[in-house]
Each structure stands twice: as structure tokens, then as C-alpha cells.
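If you want the building blocks of each chain, they are given just below.
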Amino acid sequence: MSGAGGVVLVVVDLQNDFCDASAAARHGGDPGVLAEAAGAAAGVVEQARAAGVEVVFVRFLGDVEHQGPSWRRRDRVLGKRAKCVSGSRGAEFHGVVPAVGEAVFTKYACFDAFLAEGFERHLRERGVVRLVFAGVFTDVCVDSTARTAFQKGFEVSVLTDCTTPLHLPEPLVLSFMERVYGARLTTRADPELWAARPSTEEESSRPSVRRTGPVPVTAEWTRE
């Protein structure tokens, strides 16, 4: 199925190791933020299906054998464990199940979905123009994929209520994506904006919809 108006919803790393209660404890800040974002991301999948928008799932597998030397060194230095190991509960999808016929692409110990075999080819073959992002984390895998998408000529939209950052303040991350990638910031409540490809005139006349307040002048790293 081709995306409605050249639009595809890309669901990034909505997996137990990134979204369950133990992940929420690592997330810091308000423990409900991650659960809320993950629940909204799962909900927008049904919304996209109902609107005739193709849903593409991206998953992460972090087995040690998939990791490069720099990844292994980082985990050793920081005491990180491998997440979303093949066959584990942590690698399973959280709150969603891909429907029959929906594409699932696997990233092997990397952030960017364009490094997953077949991901870009799938988009090109379907004439996709815009990628709409939901999932985790805004400042890691969502950002990495959005950055490459922009550089490869795709339009970028981010559903700000369907994602959350892990390390950086949310307003800072969203503002960066908006300014550098031209990302359209909206929410799942506005399918008229994200579920159909707007014309150039519509793009220029409709403002981004933010969930968060203005970006602070300075920002610090908030979590490891």
C-alpha cells in the first residue's frame, strides 16, 4: 500500500526495552512522560490506518555481535547493557503489533533507520514524499532518521505528543529539528495536517503546533 498523498507514518523503536516501566525509571523526570508518549504513538498507528496512511515500523536489535567496536567501547565505559537483544521480551514491540502486510525494518546496533536494509528502497518505490515520525527517542533514533531523511530529500513531520527525548530538553530538540530540517511539528490530534500531503501554499500558511513552551536560552544535558 502506498502512503496517502505520499505520506508514511514511521514508528521508531516502540519496543519494551525502551518503553516499559524499567525504561521509564531510566528516563528521569516525570515517570509518566515516557508511558504517555509510547501510548500516544501506539494510538496514532490505529489513527493512521483508519486514514489510509501506510505505517512502517522500525525496530532496534542491540546484540553484542551486532555492535561495532565504538559501540562496545561506549557500553563498557558507561556500564550500559545491550538492549533489545534478539529473541528477548525487551526486543518485542510495545503496545503495537504490525498488521499483516505492514513493513518492519531492523536496525542492527545503529540509530538511523536509513541504515536498515530496504528502508529507503521501500520509500522510493512507493513515491513517499513525507515521513511522519512517532516513537522513541526524539533526540536519538528519531532525530538520526529525520536528519538523513531531510538530506535525502524527504519532508519531515514530528508528532510531538507521540515521542519524547532521552537526553536533551524537549523544546531544544524540537526547535533544532524545525530549524535545521524544516520539520513540521504537530500532534496526533491534527490528522488534517499530517495525514495528507499539503500543498506548498498550505505548508507556508499553517504554523507548527508545539506541545512544549519556548526554547530556553541555555540548556544542559539532563540524563546520561
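Scroll up to find the structure.
Rules used throughout
- Residues numbered from 1 in each chain as written.
- Predicted model: local features only at pLDDT ≥ 70, side-chain atom pairs only at ≥ 80, totals over all residues.
- Heavy atoms only, no water.
- Disulfide = S-S within 2.5 Å.
- Buried < 20%, exposed > 50% of the residue type's maximum accessible area, 1.4 Å probe, protein only.
- Helix = DSSP H or I, 4+ residues; strand = E, 2+ residues; numbered from the N terminus.
- Expected span 1.5 Å × (residues − 1).
- Contact = heavy atoms within 4.5 Å.
- Pairing = 2+ DSSP bridges.
- Axes fitted to C-alpha atoms, helices over the stretch in contact; angles between N-to-C directions.
- Salt bridge = Lys/Arg side-chain N within 4 Å of Asp/Glu carboxyl O.

Novice: Is there a simple way to explain the state of the cysteines in this structure?
Specialist: Within this structure, the stated rule accounts for 0 disulfides. Between Cys19, a cysteine without a disulfide, and Cys84, which holds the nearest cysteine sulfur, the sulfur-to-sulfur distance is 8.6 Å. With relative accessibility at 4%, the residue Cys19 sits in the buried group. Given a relative accessible area of 0%, Cys84 falls into the buried group.

Novice: I keep staring at helix H7 (residues 170–181) and nothing clicks. Help me out?
Specialist: With 12 residues, H7 extends 16 Å between its outermost C-alpha atoms, agreeing within 8% with the 16 Å of an ideal straight helix rising 1.5 Å per residue. In this structure, the buried side of H7 is in contact with helix H6 (138–151), strand S5 (155–159) and strand S6 (184–186). At the exit of H7 stands Gly182, carrying a positive phi of roughly 65°.

Novice: Would you mind going over the sheet that holds S6 with me for this structure?
Specialist: Hydrogen bonding along the main chain pairs the strands of a sheet, whether they run parallel or antiparallel. With parallel pairing, 6 strands are arranged side by side in an open sheet as S3-S2-S1-S4-S5-S6. Pairing within the sheet leaves two strands with one partner each, and these edge strands are strand S3 (104–108) and S6. The sheet shows a mean angle of 25° between the axes of neighbouring strands, taken without regard to direction. Bridge analysis of strand S1 (residues 7–12) against strand S2 (residues 54–61) gives 5 bridges, and the strand direction is parallel. Bridging from a neighbouring strand, Val12 pairs with Val58 of S2. Together, S1, S3, strand S4 (130–135) and S5 form the strand contacts of H6, whose direction differs from that of S4 by roughly 175°.

Novice: Is there a simple way to explain the pattern of salt bridges in this structure?
Specialist: Pairing is possible between side chains of opposite charge, provided their charged atoms come close. Tallying each qualifying case throughout the model produces 12 salt bridges. The partner of Glu102 in a salt bridge is Arg49, with the nearest N and O atoms 2.7 Å apart. Taken together, the residues Glu102 in the loop between helix H4 (69–78) and S3 and Arg49 in helix H3 (residues 31–50) connect sequence positions 53 residues apart. For Glu102, a relative accessible area of 17% corresponds to the buried category. Notably, a salt bridge pairs Arg126 with Glu54, separated by 3.6 Å at the nearest N-O pair. Of this pair, Arg126 sits in the loop between helix H5 (119–125) and S4 while Glu54 sits in strand S2; the two residues are 72 residues apart in sequence, bridging distant segments of the chain. For Arg126, a relative accessible area of 28% gives the class partly exposed.

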